[in-house]
There are 2 protein chains.
Amino acid sequence: MSNDKYASIRLGNQMCFPLYACSKEIVRRYKPFLDELKLTYTQYIAMMVLWERKSVTVKELGEELLLDSGTLTPLLKKLEAKGYVVRERMKSDERNLCVKVTSDGEALQEKALEIPKQMKGCVTLDPEEASLLCSLLQKIMNGFEENKPR
Amino acid sequence: MSNDKYASIRLGNQMCFPLYACSKEIVRRYKPFLDELKLTYTQYIAMMVLWERKSVTVKELGEELLLDSGTLTPLLKKLEAKGYVVRERMKSDERNLCVKVTSDGEALQEKALEIPKQMKGCVTLDPEEASLLCSLLQKIMNGFEENKPR
DNA sequence: TACAATTAAATAGTACGCAATTAAATAGTA
DNA sequence: TACTATTTAATTGCGTACTATTTAATTGTA
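Residues numbered from 1 in each chain as written. Chains lettered and ligands numbered in written order. Predicted model: local features only at pLDDT ≥ 70, side-chain atom pairs only at ≥ 80, totals over all residues. Heavy atoms only, no water.

*Asks:* Give me the lowdown on helix α1 (residues 16-35) of chain B, citing residues and values where you can.
*Replies:* An α-helical turn contains 3.6 residues, so a residue and the one three or four places further along point in the same direction. Counted at 1.5 Å a residue, the expected span for α1(B) with its 20 residues is 28 Å, and the 28 Å between its end C-alpha atoms agrees. Along α1(B), the sharpest kink reaches roughly 25°, centred on B:Arg29 and followed within four residues by the proline B:Pro32. (Helix = DSSP H or I, 4+ residues; strand = E, 2+ residues; numbered from the N terminus. Expected span 1.5 Å × (residues − 1). Bend = angle between axes of the 7 residues up to and from the residue.)

Structure (structure tokens):
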């Protein structure tokens, strides 16, 4: 090839682009299903944490989702406006904001059960491949944790 | 576990979240390096296509990057404002807008060569793992192509 | 106590992504 | 030729998300 010198910055030779493209495409595929719950993908993963933990501070939520308050504050206000959560400062330390699922929010969990079923037909990996993919992604994330600009 | 019924919508049991988180984290790691070239990540992948092809229509660029004109038009205008590309209608068919790299844009390629080197230290997969990851992502993308809301 | 440092959330500014609409050019057809 | 349909990209508007900065509360320390 004439410009081998530049091989490292060809789109096709980089790992990051398939990752970036695939991630966006999957989020796009979620959209029609999530629309029925009136949730964005980011709101959906926040609700997943809330369904599991019932009550969580913004900081804890951010640690779990790798999002900061700049993303979460407006997102949680929208979830509150939809009636899925309530937000209140903690008495013990007023810096902390505690987010709790409402009964409407809990009710949403039932509807959400449909989503993984609907997405299954969309992602064409068998279970072994999927878990392999997850472990590779996990390894990348662990590597990040070690050298830590966070 | 008490609520196995909901296992499918627990964050930890879903493949999409590691993918989403990992993709975002990698883009974040690119930022300090890309800042030196005054590029965002999306602008960077657009420049990669342009470095390789010298000249490309908006449509072709969008097909390669999986982005539409709503994203590309403002992005390309910014690249033009920085002097990295020029945009001009094609004589043969005036509907098509052709994007070409300028000499400043080409010069940027030299600087860009540093980026994969700098990122190497950041992503902790060995070559075999990386190519395995790519092939799994490719398989997902191919599956999407088959059932085609695009 | 007073002051500095730390922590948490909110805010402001920018980029991105999507949907819907518009405009222009070309292709197809009566 | 005239008319319609299709294609392509630009534009607009809106919502989401990320970064950097600011504000408020708490903790640690002189």
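*Asks:* Please provide a residue-by-residue account of a positive patch on the surface, values included.
*Replies:* Residues and elements named next belong to chain A. Where like charges cluster on the molecular surface, the positive patch consists of Lys38, Lys78, Lys82 and Lys111. Note on placement: lysine 38 falls in the loop between α1 (16-35) and α2 (41-53). A relative accessible area of 57% places lysine 38 in the exposed class. (Patch = residues over 30% accessible without salt bridge, like charges linked within 9 Å, V, L, I, M, F, W, Y side chains within 5 Å. Areas by Shrake-Rupley, 256 points an atom, 1.4 Å probe, with all protein chains shown as cover. Salt bridge = Lys/Arg side-chain N within 4 Å of Asp/Glu carboxyl O. Lys, Arg positive; Asp, Glu negative; His and termini not counted. Charge placed at Lys NZ, Arg CZ, Asp CG, Glu CD. Buried < 20%, exposed > 50% of the residue type's maximum accessible area, 1.4 Å probe, protein only.)

*Asks:* Just give me the short version of the protein's contact with DNA strand C, but keep the residues and values in it.
*Replies:* A:Lys59, A:Thr73, A:Lys77, A:Arg95 and B:Thr40 are the nearest of the 24 residues found near DNA strand C. A share of 77% is what sugar and phosphate atoms reach among the atoms of DNA strand C within 4 Å of the protein. Between A:Val58 and DNA strand C, the recorded distance is 3.5 Å, taken from a backbone N or O atom to a phosphate oxygen. One of the side-chain N or O atoms of A:Arg87 is found 3.3 Å from a phosphate oxygen in DNA strand C. Counting residues per element, the ones that place at least two in the surface near DNA strand C are α1, α3 (58-65), α4 (69-81) and β2 (85-89) of chain A together with α4 (69-81) of chain B. It is α4(A) that contributes the most residues to the surface near DNA strand C, 4 residues altogether. Residues belonging to the surface near DNA strand C are distributed by class as follows: 4 nonpolar, 9 polar and 11 charged. (Near = heavy atom within 4 Å. Polar contact = N/O pair within 3.5 Å; in protein donor to acceptor, adjacent residues only side chain to side chain. Nonpolar A, V, L, I, M, F, W, Y, C, P; charged D, E, K, R; others polar.)

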